[in-house]
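Structural characterization, general
Chain by chain, the residues:
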2 protein chains.
Amino acid sequence: MDEAARIALIARILAGPARGVELGIGDDAAVLLAPPGVGRLIWTIDEQVEGVHFRRDFASWRDVGWRSFQAAASDVAAMGARPWCALCALVLPDTVDDAALEEITLGQRDAALGVGAPIVGGNLSRGTGFSIATTLLGVCERAVGRSGAKVGDGLWMAGHVGLAACGLRALTTGRGAAAAALPALAAWRRPEALVSSGLAMAESARAAIDVSDGLARDVGHLAQASGVQAVLDPSALLADAALVAAARAIGVDPLDLALYGGEDYALVAAGPAPIAGFRRIGDIREGAGLVLATEEGDIPLLVRGFDHFSR
Amino acid sequence: MDEAARIALIARILAGPARGVELGIGDDAAVLLAPPGVGRLIWTIDEQVEGVHFRRDFASWRDVGWRSFQAAASDVAAMGARPWCALCALVLPDTVDDAALEEITLGQRDAALGVGAPIVGGNLSRGTGFSIATTLLGVCERAVGRSGAKVGDGLWMAGHVGLAACGLRALTTGRGAAAAALPALAAWRRPEALVSSGLAMAESARAAIDVSDGLARDVGHLAQASGVQAVLDPSALLADAALVAAARAIGVDPLDLALYGGEDYALVAAGPAPIAGFRRIGDIREGAGLVLATEEGDIPLLVRGFDHFSR
């Protein structure tokens, strides 16, 4: 199909009601009417690149579309905002045929429906490397950034950490057939942005982040931005039965996965009060950096995790 | 530099005042306060891919950053809107070192300053192919789409068409040293989104488009979306002295360049009245498609131009 036919295919799959969208796919730009009384717009862009964020032998095209959308939506959830609508820019090499494009778009559409943010425009380009850039707008009354954590706050988490990394490890080591690994495979292939948790958190959280590059790295960023020390409780991280079972099935350390595995899109919030759907995983103290509070005492953790340009 | 250092470099270059931006680079998403009384948000994404939209031996890294930003801003201008702010997602292969990243960011910054839309966030990823995705928000009272042209309207154009394609041809044929080709080289390397023209047009234009894929293709899209026929006057297109001189210098047909060359980011509007800064290049008639009105009669034109997926 030529470009116009491909855009028509995408527009057909993505057609549907879109609140506040006056003009969608097919013009130079989308035209939006901001919902009345909205305080703030939340705006993010994320890009998923073949060979970096996914391998085609580990995920279906539909998974690829789904994952790319959820990764971007998670950034909106992490600000305590409600996703509103999205644009997607695809770079398509010759290896992505029309059937693959349809599957990718269906995966994006499914994710957009789940998140509640329709795709209202985008861009198509050919290229040698396949990538999907997704930009989302969200709305909220008050945004929860990374920098507001205060000494004495609890650290609260919704969702899993380490499970998606366990799924990826199961795939790369060929141990994905173990029954206990199946939730881990699903976590990697079909992550979900925790939109409801983000909205629940927005009422009391002083700072928040989504875990895309690993808990240690992302909570380290929150602590750094807030000028505080974050303390993680390993027993709380190991209370995740699905993670422990999956890690055991493929023979890796669940705590290592929980601390350094990314792409689950858990939400971590710092705040003074418990949050519905969140469990306590640690505390905020005076100081700097990140420590693991063990029975033998505190262990300082390096703020490491996935870095695109580390050597 | 690792990812954090690269983000810090970018943030330092892009720092500056940004109206309505509560939280910029460095969090999960940008936080925006829509300017009071704004009717509509205009939202676009564009992506420039090495080997497709530019060749590194034809443009400096700073040109590459500049061009990518202007291409996206042009879509906002084509809706008759004022660019507000932007996010940029870069995929960086190993060939893009820190010095190159700095130059790219400076090019983006210069363009953002010129357009009046600061870059307030983005994303970095490694990858095998270099690309820049730019998403822009703009604001306007009334958006000018592609579909409103009416029979009897004039077709009005601001900016050049064909000049950028002439510059690219000069580079690919090694004839870029001719003095008459210099404006063409500049047009390809340093295009400018016609923001002021877009705002001027918004008062009376019924439909508009920016010329990114060639006049024939883009005006064809406008005619199709509006359900009318567009008539182009070749003498008006050939009244561009810079184009004619540059085309002569490299031995190509200026009319062919004007009809099928893209990336100048001229604005074409359909409307009942002359627009300041625009010249008449044709008319809107009953019918369909695109014709060239010559002394020997009307010549139907194929709505062709740059297509990412045509064979």
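Refer to the structure printed above.
An account of the accompanying structure is given in this report. Remember, predicted model here, so these are calculated numbers, not experimental data.

1. Remarks on the relation of the copies chain B and chain A
Mapping chain B onto chain A is achieved by rotating through 180° and translating by 0.0 Å along the same axis, at an RMSD of 0.0 Å. In symmetry terms, the pair is related by a two-fold rotation axis. Closest to the rotation axis within chain B is the C-alpha of Gly129 of chain B, separated from it by 2.7 Å. Same-surface contact between copies: 98% of interface residues of chain B are shared with the interface of chain A.

2. Remarks on the interface of chain B and chain A
Contacts between the two partners involve 66 residues from chain B and, on the opposite side, 66 residues from chain A. Here chain B and chain A share an interface that buries about 5,200 Å² over both sides, 57% of which is from carbon and sulfur atoms. Linking chain B with chain A are zero salt bridges, by the criterion used here. Counting across the interface, chain B meets chain A through two residue pairs in polar contact (both at pLDDT 80 or more). When contributions to the side of chain B that touches chain A are tallied by element, the ones reaching two or more residues are α1 (3-14), β1 (21-23), β2 (30-32), β3 (40-49), β4 (82-92), β5 (119-126), β6 (131-140) and β8 (207-211) of chain B. Per-class residue counts for the side of chain B that touches chain A are 36 nonpolar, 13 polar and 17 charged.

3. A look at the packing of helix α4 (residues 163-172) of chain A against helix α5 (residues 182-189) of chain A
Residues and elements named next belong to chain A. Two elements in contact, α4 and α5, have axes separated by 7 Å at closest approach and are oriented at 105°. It follows that α4 is roughly perpendicular to α5 by the angle criterion. Across from Leu163, Ala164, Cys166, Gly167, Leu168, Ala170 and Leu171 in α4, the residues of α5 making contact are Pro183, Ala184, Leu185, Ala187, Trp188 and Arg189. Residue composition of the contact of α4 with α5, by class: eleven nonpolar, one polar and one charged.

4. With respect to the packing of aromatic side chains
For the coordinates displayed, the defined rule picks out six aromatic pairs over all chains. Between Phe58 of chain A and Trp188 of chain A, the aromatic rings sit 6.4 Å apart at their centres with planes inclined by 80°, giving edge-to-face as the arrangement. Of the two residues, Phe58 of chain A sits in the loop between β3 (40-49) and α2 (61-77) while Trp188 of chain A sits in helix α5, which places them 130 residues apart along the sequence. Each member of the pair, Phe58 of chain A as well as Trp188 of chain A, carries the same accessibility label: buried. Members of the aromatic cluster, each reached through a chain of ring pairs, are Phe54, Trp61 and Phe130 of chain A. Over the ring of Trp61 of chain A we find Arg56 of chain A; its NZ or CZ atom is 3.9 Å from the centre of that ring. Geometry around Trp188 of chain B places Arg67 of chain B over its ring, the cationic atom sitting 4.2 Å from the centre.

5. Focus on the sheet that holds strand β7 (residues 154-158) of chain A
All names here are of chain A. Here seven strands make up an open sheet; going across it, the order is β8-β10-β7-β11-β9-β12-β13 and the pairing mixed. Either end of the sheet is taken by a strand with one partner, and the two such strands are β8 (207-211) and β13 (297-301). The average undirected angle you get between the axes of adjacent strands in this sheet is 30°. Bridge analysis of strand β9 (residues 229-232) against strand β11 (residues 279-285) gives four bridges, and the strand direction is antiparallel. Note on β11: the bridge partner recorded for Ala230 is Ile284. Packed on one face of the sheet, helix α7 (residues 215-226) meets β7, β8, β9, β10 (266-271), β11 and β12 (289-294) and runs near 160° to β8.

6. Topic: unusual backbone geometry
Backbone phi values are negative for most residues with the exception of glycine, while trans is the configuration of most peptide bonds. For Glu263 of chain A, which is not glycine, the phi dihedral falls at a positive 70°. By the secondary structure assignment, Glu263 of chain A is in the loop between α10 (254-260) and β10. On the basis of relative accessible area, Glu263 of chain A is assigned to the buried category, the value being 15%. Notably, Tyr265 of chain B is not glycine yet its phi reads approximately 65°, a positive angle. Overall, Tyr265 of chain B belongs to the buried group, its relative accessible area being 4%.

About the criteria used
Residues numbered from 1 in each chain as written. Chains lettered and ligands numbered in written order. Predicted model: local features only at pLDDT ≥ 70, side-chain atom pairs only at ≥ 80, totals over all residues. Heavy atoms only, no water. Least-squares fit on C-alpha atoms with pLDDT ≥ 70 in both. Contact = heavy atoms within 4.5 Å. Buried area = accessible area lost by both parts, 1.4 Å probe. Salt bridge = Lys/Arg side-chain N within 4 Å of Asp/Glu carboxyl O. Polar contact = N/O pair within 3.5 Å; in protein donor to acceptor, adjacent residues only side chain to side chain. Helix = DSSP H or I, 4+ residues; strand = E, 2+ residues; numbered from the N terminus. Nonpolar A, V, L, I, M, F, W, Y, C, P; charged D, E, K, R; others polar. Axes fitted to C-alpha atoms, helices over the stretch in contact; angles between N-to-C directions. Parallel < 35°, antiparallel > 145°, perpendicular 65-115°, else oblique. Phe/Tyr/Trp six-rings, centres within 6.5 Å; stacked < 30°, edge-to-face > 60°. Buried < 20%, exposed > 50% of the residue type's maximum accessible area, 1.4 Å probe, protein only. Lys NZ or Arg CZ within 6 Å of the ring centre and 35° of its normal. Pairing = 2+ DSSP bridges.

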